[in-house]
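Descriptive structure summary
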Amino acid sequence: MSETTAAPSATALHELSVAEAGALLRSGQLSSVELTRHALDRIARLDEALHSFILVTEQVALQRAAQADRDLRAGLDHGPMHGIPYALKDIIDAEGIPTTNASWLTVDRIADADSAIEQRLRAGGGVLLGKLTTFEFAVGGPSFDLPVPPARNPWSDEHVPSGSSSGAGTAVAAGLVRVAIASDTSGSIRGPAFHCGTAGLKPTYGRVSGRGAQPLSYTLDHFGPLAWTVADAAAALQVIAGGDPADPRAADVAVPDYLAELKRGVAGLRVAHSPAWYADDPATMPQIVARIEQALAVLADLGATVEQVELGDYELFNACGRVIFAAEAFATHERDLREHPRSFGRYTYQRVLPGAGIGAADLLRAYQTRQRLTRALQERVFDRFDVLVTACGQTTAARFADFGKDWPPPKLANDMQTIPFSVSGNPALSLPVGFAADGLPIGLQLVGRAFDEGTVLRTGAAIEAALGERTVRPDSTVRPADQLAPAEA
Amino acid sequence: MTSWSDGDAELAAEFDAITRRAGIEVPADLKDGVLYGYRGLRGLTALLRADAESAATESVAAAAESPTAGAESPSVMGESRPAGPGPVR
């Protein structure tokens, strides 16, 4: 970088938004190689304690960064992620690079082709920094009996970053990478986003192709970005969204200009909120309720109309989602459960095998209930409103010490409210809205109509701008793992 | 974790039969956690079954009260998903 330019100093490069970094790349004030080296340096310095990366693809990253710089100099601009470092949850394939799924079963597996997500990011000029820690097969964790240690929450090393996209939440919050791409089956993007204080978008089911990503639950698996800001998430979604003839789940629905959507504001937007699921529940931290109310007031001040609605029976959504999840996850792993039971982590085995007991009649009934609940959600909310504001989680992050040898952990509250929108398939954004009294992040959830991620994102951007919390980063002096008290495992 | 009690022996036998049919042998040290999960799922499927029966009853009652009774009605079994949110198959 030229010393005569006004570009930010090297220590602040990780604080550049995707759009800011892109503008500096395009103006020649910053190179992708500089941006990438900065990220690699931060990972080398901080990730020994955080464990957010399973693999750092330094050579690939520097090669792609150099190519991105050459392309820009030649006048080739591949879009909003051009020259921008990103990382993939380690269930998503990148050709020639291991996809371990954090499992002994696949610890040596090298991907023989790019996933659709990686294909699009690579074509979009993105720079792959590496593969991110996950719960085993995106389901079992946090575990200490896997080939890799669990990621630590960057706000407190005694706490779990949530999961299953644990490394994604940790890496983005710690400023190691601006954008991570992950999966969300019942809350695996939104949970880590909530507990680590990042934006996390589960797009509409089918908005992003799952080709080349390790399946967990075929009709519940969603793929999307965790990012430091809503605009960063929008930039990533712009690149990875779209149909895919090779994945029958991927919907061939037009992809709008999400970054343009962000500028539209929320005046005139019809906003629904439903406190019955969380505000009346004593398990919900009062700070979460207060911050959701503050966000609603922000939207009203900005010209949106806000009205309370009833969402129906939460327990039905939960039962429906968990039965489908269990049956489909068992189907995914049936052969290995039979042939290699000892190769799974204990949590994974104990969470997935019970699905063997879901019969065809129960599964069909769950699918029928899903249709009915989805239709009711449409009629009660999205026929009249543009976006729904509700809770994402009810408490701050759990402690590692809360997790014992076997699943389930004795003190783990069922505190996430993400599964209803996994069941319905609606786009849902976990948005940070500050911190609880214990200093850990809290957030809310914004839900939109199917394939209307643009409205969800612009609502999130408006709240984010008004609350102004995105300048606060976790303390980067997390203790090395060997200085931590061992968790019960 | 709640320990597996004698009163749950019937459920354990039921799950044993299921896994045996699937050719799966559950390691003894993992069994308690697995059975805990199975017991939870049984509760969830019972909830869905009760709800489906209730919805079917309501659907029949609504059809009987409808001025177009006898015409095709949107029962749970026969309903088609309208345009709107939901998984795209």
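Residues numbered from 1 in each chain as written. Chains lettered and ligands numbered in written order. Predicted model: local features only at pLDDT ≥ 70, side-chain atom pairs only at ≥ 80, totals over all residues. Heavy atoms only, no water.

All names here are of chain A. The sheet built from 11 strands is open, its strands ordered E1-E3-E2-E4-E6-E5-E10-E11-E9-E7-E8 with mixed pairing. Bordering the open sheet on either side are strand E1 (53-56) and strand E8 (305-308), each of which pairs with just one other strand. When strand polarity is set aside, the average angle formed by the axes of neighbouring strands in this sheet is 25°. Looking at chain direction, strand E7 (residues 270-273) and E8 are connected through 4 bridges and run parallel. Within E8, the residue paired with histidine 273 across the bridge is glutamine 308. Contacts from helix H7 (residues 230-240) reach strand E4 (179-184), strand E5 (199-202), strand E6 (222-227) and strand E10 (428-435) within the one sheet, and its direction differs from that of E6 by about 145°. Most of the contacts of helix H9 (residues 286-301) go to strand E11 (residues 441-448), to which it runs at about 50°, and overall it touches E7, E8, strand E9 (387-391), E10 and E11. (Pairing = 2+ DSSP bridges. Helix = DSSP H or I, 4+ residues; strand = E, 2+ residues; numbered from the N terminus. Axes fitted to C-alpha atoms, helices over the stretch in contact; angles between N-to-C directions. Contact = heavy atoms within 4.5 Å.)

Another aspect to go through is the pattern of salt bridges. Residues and elements named next belong to chain A. If you walk through the whole model with that rule in mind, you get 27 salt bridges over all chains. As a salt-bridge pair, arginine 473 and glutamate 15 come within 3.0 Å of each other at their nearest N and O atoms. Highlighted residues: arginine 473 in the segment after helix H14 (453-467) and glutamate 15 in the segment before helix H1 (18-27), separated in sequence by 458 residues. A relative accessible area of 18% places arginine 473 in the buried class. Overall, glutamate 15 belongs to the partly exposed group, its relative accessible area being 32%. Here arginine 109 and aspartate 93 are joined by a salt bridge, their closest N and O atoms 2.9 Å apart. One end of the pair, arginine 109, is in the loop between strand E2 (85-89) and helix H4 (116-123); the other, aspartate 93, is in the loop between E2 and H4, and 16 residues separate them in sequence. (Salt bridge = Lys/Arg side-chain N within 4 Å of Asp/Glu carboxyl O. Buried < 20%, exposed > 50% of the residue type's maximum accessible area, 1.4 Å probe, protein only.)

So, on to the side chain of A:Thr185. Residue and element names in this part refer to chain A. Assignment of secondary structure puts threonine 185 in the loop between E4 and helix H6 (190-196). Since its relative accessible area comes to 2%, threonine 185 is described here as buried. In this structure the side chain of threonine 185 is engaged in a polar contact, spanning 2.6 Å, whose partner is the side chain of aspartate 221. Not counting chain neighbours up to four residues away, the residues in contact with threonine 185 comprise Leu216, Ser217, Leu220, Asp221, Phe325 and Ser422. (Polar contact = N/O pair within 3.5 Å; in protein donor to acceptor, adjacent residues only side chain to side chain.)

Turning our attention to the interface of chain B and chain A. With 37 residues of chain B at the interface, the matching set in chain A holds 49 residues. Where chain B abuts chain A, roughly 3700 Å² becomes buried across the two surfaces, and 66% of that area is made up of carbon and sulfur atoms. Our enumeration of links across chain B and chain A arrives at 4 salt bridges. A salt bridge links B:Asp51 to A:Arg372; its shortest N-O distance comes to 2.4 Å. Taken together, the connections running from chain B to chain A amount to 6 residue pairs in polar contact (both at pLDDT 80 or more). Elements supplying a minimum of two residues to the side of chain B that touches chain A: helix H1 (9-21) and helix H2 (31-65) of chain B. No other element matches the 14 residues that H2(B) contributes to the side of chain B that touches chain A. Residue classes in the side of chain B that touches chain A are distributed as 25 nonpolar, 6 polar and 6 charged. (Buried area = accessible area lost by both parts, 1.4 Å probe. Nonpolar A, V, L, I, M, F, W, Y, C, P; charged D, E, K, R; others polar.)

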